Every structure is written in C-alpha cells, then in structure tokens.
Amino acid sequence: MQCLFPKTLNPQFFLRSFNTTRSKAFTVRSMSSGSRMFQLKVDPLTGNSEWVVIEEDEASGNATKQLLANTSYLDMLNDTRRNKAYREAIDKTITKPCHVLDIGAGTGLLSMMAAQAMDNGDSVESSGSKGMVTACESYLPMVKLMRKVLHANGMQRKIRIINKRSDELEVGVDMPLRADVLVSEILDSELLGEGLIPTLQHAHDQLLVDNPKTVPYRATVYGQLVESTDLWKLHDLYNTEKEVLDEIRLVPEGMDSALCVKRQQFSMHCDALEEDIKLLSEPFKVFDFDFWRRLDSHRVMELSVQATNTGTVHAIISWWLLQLDEKGTIFYSTAPKWISCPSSMEGFNSSISWSQNWCDHWKQCVWFIPKKGLSLLKDEEVSLLAVHTDTSISYEMKTLSQNLELGQSELSAQKYQITLLPEKIALYSDVNWRCSMLKAIKNAMKQKTPSLCVVVDDSIFLAVALAHLAKGSHVLSLFPGLQEKGAQYLQAVAAANGYSKDHVEVQKMSELLTSQSFQEKQIDLLVGEPFYYGNNSVLPWQNLRFWKDRSLLDSVLSEGAVIMPCKGLLKACAMSLPDLWKSHECLQHVEGFDHSVVNSMIGACGGLPPGQENPTLPFSVWQCGESKKMSDIVTIMEFNFLKTISPCSGKAKVEFITHGKCHGFVLWIDWVMDTEQSIVLSTGPEQRYWKQGVKLLKEPVAVGSHRSATTDCHSADIETSFDPSTGDLIVDYAFL
C-alpha cells in the first residue's frame, strides 16, 4: 500500500496515522490533537489543499464517510478467517483477569475479544489494573465509531479508549500499570509497512511487563523466485523500450534508471497473474519476527536458493505466515493460492489451515529484480541478501559486479531520476498505446502547425514525443506534480531524442497565465494523457483535472487550437463481482460482536437502510477475484473538452447478456484523442494500467438476457451527473 502521508514533522506520528487509517490510497492526510483532528483535504480537480478541523463532538459528515469508505476496515472485518484466528488465539492466551493493551484498536474488535475472554462481567471497572483493556487508537473518526460499537455491545465500561498514538502513551498517565498482554493487528501486505517494529519496540520498552504475552506471537516472511513477462514489463522500461520501433527513448542508453519504479516491495494480487508466472524455486524462509520480544531495527540474512526450473528470475514474490498463539496451533497466511501444501515448507505441519479466501486488505508482495532479470539453470543456486529496516524488506543478488553497477547507475541518475508506479512503466512500454499517442500527435499537427505546444499534465511521454516531433514548435510542460524534477529529466534525455535543450521547458500554471510572452504567442496544441503525478488510486473522473486545467487556459488558446484528448466518454458495464461484494458486505455480528452501527460510515453494501448508498470506490477490477461481464458496455455521457468545464449528466440502458448475479456497475473513461474519433484509448476493466470506479449494489440482483427466465431482470437504467465544483460523480441505477 503506497503511503501518502508526509514524514517531515514526526515520522512516528504520521506512521501511526497511516497505520490506523488502513488506507487503500486516498488524497486525505490527517493528524490528531486531543479531541480534534486536522484533516488535509485535497481537491482532485485542482490539486489545491486545505486543512479542516474535525471536533470530537462533531457529527460525522459526508467527507468523513468518504474517508472511512476508502479505508480497508470493512474488508478486514469481513475476513472471517482472520477474525476466527484472532478469537481462538485470544481465548487461548487470556485465561484470567489481566491488563490488556490493544494497539491500533480500530472498531475495538480485539479489545472486546480480550474483555470477553477475561469473563469479568459488568462489575469490573476500567480503573483497575486487572481485568482491564486499554484500547489505543489515534484516528479520531475511528475512535468515534469504536465508541458506538462498544456501546452497542454493552462493553463501554470494560474497555478504556485512549485517542493517542501508542508512542504517546505513558504509564501512570494513560495506563495505571504496564500491560500483561498485547493484542494488535498493525500489519500490511509487506508485514512491516505500518510500523510494526518501532511500535513493538516502544511497547516493550515503555508499556509492557517483562516477558509479556502477545497475540500474534510470531510472523514469518517467505519468498519465491518467479519468471513472469507481465511482472518484468512493470519495472524494466529500459529493455522493453528497445523492442519498440518508434524513435522516442524515455530511457536512453546509459540512463537506464532515468524512469524507474521505487526499490521497494509492491503489494499485488499475484493470483491474478498465475497463468503468466513460472515458479523457479520452492518457497524459502526470509525472516522471523517474534512479537513477544523486542525486535531489532535492522537485520541482514544471507540466503542460498536452489532453482527448481530453468528460467529468468524477474521477481521475488513474498508473503507472510502469522502464528497467533504461543503453542503454534493457530495460523493465518497471506500466501498465493499455488502455495497449497504446508509440508513443502520446513517446520510446518498438517494442522495449519490454508483456506484461500480473496481479500483486499492483505495481498502478496513483489520485489522486482533489476534489469532484465537473472538467468538460472535448474538446480543452480543463487545467493540473495535479504535486508529489513524498521518499515521495509528488500533483496539484493549477492554479486559484487551487480551491486557496483546498481550503485553507479543510481548515483548518476540522482539529479533527473523519476520514479513511477509499475503500471505507468508498463503503459509507457506498451507498443499499441505508444503508437496511438504518436498517431494522435501527428494528426493534431496536420490540423494546425503549432507554434506553441503545452502538455497540461505530468505526461513524460507526451512531453518527449512533442519535443521530438514538433521541431519548429516550442514545447511547454506544466508538470504540476513533477515540477523541477521533470524539467531536469527533459534536459537529460534531450540529445537522445533529437531535440535541443532550449526547445522544451517546464513552467507553472500561474506563471504561464501571467507571462508577458502570451501577449504575442498563444497555445496552438494542448495535450494530456491525462496523468497527474502522485494522483494514484483515484476514481477515473478525478483525472478530469485535465478539463479543469484546459478551462483555466481558455483565454490563451489560439483560434482553432487543437485539444487532445478532445472528449471523454463515461463508460459502464454490469459485472458479477462476488469476491469484491462479499468483502464489502454489511457487517452484522463479527465473532459474536454487533458491528451493524458502522455500516453506513465505512462504505458497506447490502442491508443498508432505505436512502443510503455505498460510495463508488476505485479498484483494479482485474485483481478483484472472480469477475464476469453481465452486460455489453454502454456510454452514459460525454465530457466535451473543446468547451470549458461545466456540469453534465447522462443516462443509458444496460441490457444483460447472460444469466447470473449482478453485483455492481464498473465505470471508467475512454479518452477520445481526435475529433474524428479514430483514436480512442480505453481505461476499462480489460486494461491493467488503470483503476476503474466500482459501484456495488445494495444487494446482488439475479439478471439474465431476454431469453432467460422471466423472474430475472433483463435490463437496468444507469444515470450519472458530474459536479465540477467538487469533482464528484453521482451514480444512480434502477433494475427493470
């Protein structure tokens, strides 16, 4: 999960904010202070931000609902395998009254499990040290939800809520005595990314007794070497670009890390890639992390891994196994589905449950092997160095020449290196996409010979392509996210792409609008992908910032200026998404504890009161487990970029083409690059480079074509309206 929180004030503070918010990825940052929270709201259509204050006694508004809906709490609480494992481990660990500390308490589920395990009844007061549960939660909106859950379950007197980060807790102030037992679930897909190590270090130093009991007890990280063309294309633009016949070189010879992904693990549903993955080794153990004792901040492990197949190592796929109880009888694994036999891994026994339910809060992790990978023969051994810090795990091939080469490459690229998401690297190496973009640029230049070309977004490809193709034009990139780093990159790759350094420049929107040069020169060609750097995991229509920016520049467009793309088409398709729907289903009783009071606040579907709808959320549909199209694709409405931004709406009838259960509508935007509509770039569910918007239904609906049973719904009306003042798209539907 990519952390969007700044770390310039207090790293532990922002780290804890991220942990407890369980963000999928949203453009809201927050910090808490006593009974109020300061929330940084970012307008996706302008990039502007402002701090707003949420008070303790403030009623939960729509902004807070949208924020909580973007977290993974709902998905996590619907993970029955996880909940049952924690319940069994807590019951085995807490057998008598004691002081329990729950860090990152969320809705209070683990705290209630601990309180019930002690079986103290209503007579136990939270002021004592025995029979006491301290629930630590720093995120104010979640604290408010936890209070509702505790009250609904009659447990508000048994659990004391502290609205602080755990590293702010003080024994004698917030807690009368050190805790005997720690229960926590501050794990991400990588295990360490939510601050597990510093959290446990502080807890053992300041908050827990010597030799405390903990749930979980231990976690073990495993890895596996794999060959995968799909994974290779997600990070190696230098080599994939060599196979492209156009003359654009985003990563020129000798500058192979000019555009790259971060050297980190990326969470991913690897089961969705299973057909493209060739296993090159057995799973191997990387690190053990014992929760019951103080963890080290840094360790290095030398691993020797034997190849089980001949092939090229493109990536290391990793996952973790959680041992929740001390005796080793209760486990939870995030392994991919192909890991089905525990006996194949050293130290395992057949008592481990390996149920493989789809969930989104924990995935596998992928570490990309630099360059084009490492060639291996069957039975050959490869040496790896695994390193963990406080918050991450990384790998290196233990080859001296390779390490030196990596170091020199990174050093030479420091001034102009730009890191992109893997999906963007794969897009820039896609032959069809590049050909379509270049054709659109050439067609646009035929309509009007441009004197000034402006790239309104952060499209690196368009900036380089325009500088390369429009030799007699001046190219200006606004690069609102990349800014100076983008300017340095364009200068660095100029020679390799056949343009002079003074042919292209980067300027801010405000500077462009106030520049005196526009008294004589206006924009003839305005283009975008659209793509805004750092605007990750957003709903498709939030990329309509392109329309907003184009509108701001309306006064400096020349007569007959070419806009590319010229139009956006809002598309929709009804789909069967049973795994995704189940993970967002309304909560009732979670391991016996009533959670129904939180449904309307965390984006649940199914069982909501009349008039309440779950929000539309961003997902990569191809990674959402089982999926099936239930209808043809329809166009709901158009966004006309030849005119300035304005409210718009549309309606379409969806005809079902197959029999089954419909769980929701998937929405996306197709970008029409030219007025003839000959070049249309789709961002739909069949494309792996973008997220789509998913509107899950209140309840699954049985549907079918007109030839199917008369009891099925044969069609549905879907209606949408776009508000440019907020960037919101309202989606309504009715089955017929």
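The notes below deal with the structure included here.

Reading guide: rules and limits
- Residues numbered from 1 in each chain as written.
- Predicted model: local features only at pLDDT ≥ 70, side-chain atom pairs only at ≥ 80, totals over all residues.
- Heavy atoms only, no water.
- Pairing = 2+ DSSP bridges.
- Helix = DSSP H or I, 4+ residues; strand = E, 2+ residues; numbered from the N terminus.
- Right-handed = clockwise from strand over helix to strand, strands pointing away.
- Salt bridge = Lys/Arg side-chain N within 4 Å of Asp/Glu carboxyl O.
- Axes fitted to C-alpha atoms, helices over the stretch in contact; angles between N-to-C directions.
- Contact = heavy atoms within 4.5 Å.
- Parallel < 35°, antiparallel > 145°, perpendicular 65-115°, else oblique.
- Left-handed = near helix turned anticlockwise from the far one by under 90°.
- Nonpolar A, V, L, I, M, F, W, Y, C, P; charged D, E, K, R; others polar.
- Buried < 20%, exposed > 50% of the residue type's maximum accessible area, 1.4 Å probe, protein only.

**Concerning the pairing of strand S24 (residues 474–477)**
- Two elements, strand S23 (residues 452–455) and S24, share 4 bridges in a ladder whose sense is parallel. Across the sheet, the residue bridging to valine 454 is leucine 476, located in S24.
- After leaving S23, the chain enters helix H13 (residues 460–469) and then returns to the sheet as S24, a path that is right-handed.
- Note: S24 against strand S25 (residues 504–506), 3 bridges, orientation parallel.

**Focus: the pattern of salt bridges**
- Evaluated as defined, the whole model comprises 24 salt bridges.
- Between aspartate 230 and arginine 688 there is a salt bridge; the shortest N-O distance is 3.3 Å. Linking aspartate 230 in helix H8 (residues 229–233) with arginine 688 in the loop between strand S36 (680–681) and strand S37 (692–703), this pair joins segments that are 458 residues apart in sequence.
- Ionic pairing is found between lysine 629 and glutamate 686, a salt bridge with its closest N-O pair at 3.1 Å.

**Some points on the sheet that holds strand S7 (residues 179–184)**
- Within the open sheet, the 5 strands sit side by side as S6-S5-S4-S7-S8. Their pairing is parallel. The open sheet has two edge strands with one neighbour each: strand S6 (159–162) and strand S8 (208–215). The average angle at which neighbouring strand axes cross in this sheet is 25°, direction not considered.
- Sheet topology places S7 next to S8; 4 bridges connect them, and they run parallel. The partner of alanine 179 across the bridge, within S8, is leucine 208.
- Its contacts with the sheet place helix H4 (residues 80–93) against S7 and S8, and it is angled at close to 140° to S8.

**Considerations on the packing of helix H12 (residues 431–447) against H13**
- It is the contact of H12 with H13, at a shortest axis distance of 11 Å, that shows an interaxial angle of 50°. Here H12 is positioned oblique relative to H13, judged by the angle of their axes. Considering only the axes of H12 and H13, their crossing is right-handed. Residues Trp433, Arg434, Met437, Leu438, Ile441, Lys442 and Met445 of H12 lie in contact with H13, whose contacting residues are Phe461, Leu462, Ala465, Leu466 and Leu469.
- Of the residues contributing to the contact of H12 with H13, the split by class is 10 nonpolar, no polar and 2 charged.

**So, the pairing of strand S35 (residues 660–672)**
- When you tally the buried positions in S35, you get 12 out of 13 residues, the bulk of the element.
- Relative to S36, S35 is paired through 2 bridges, and the arrangement is antiparallel. Note on S36: the bridge partner recorded for tryptophan 671 is leucine 681.

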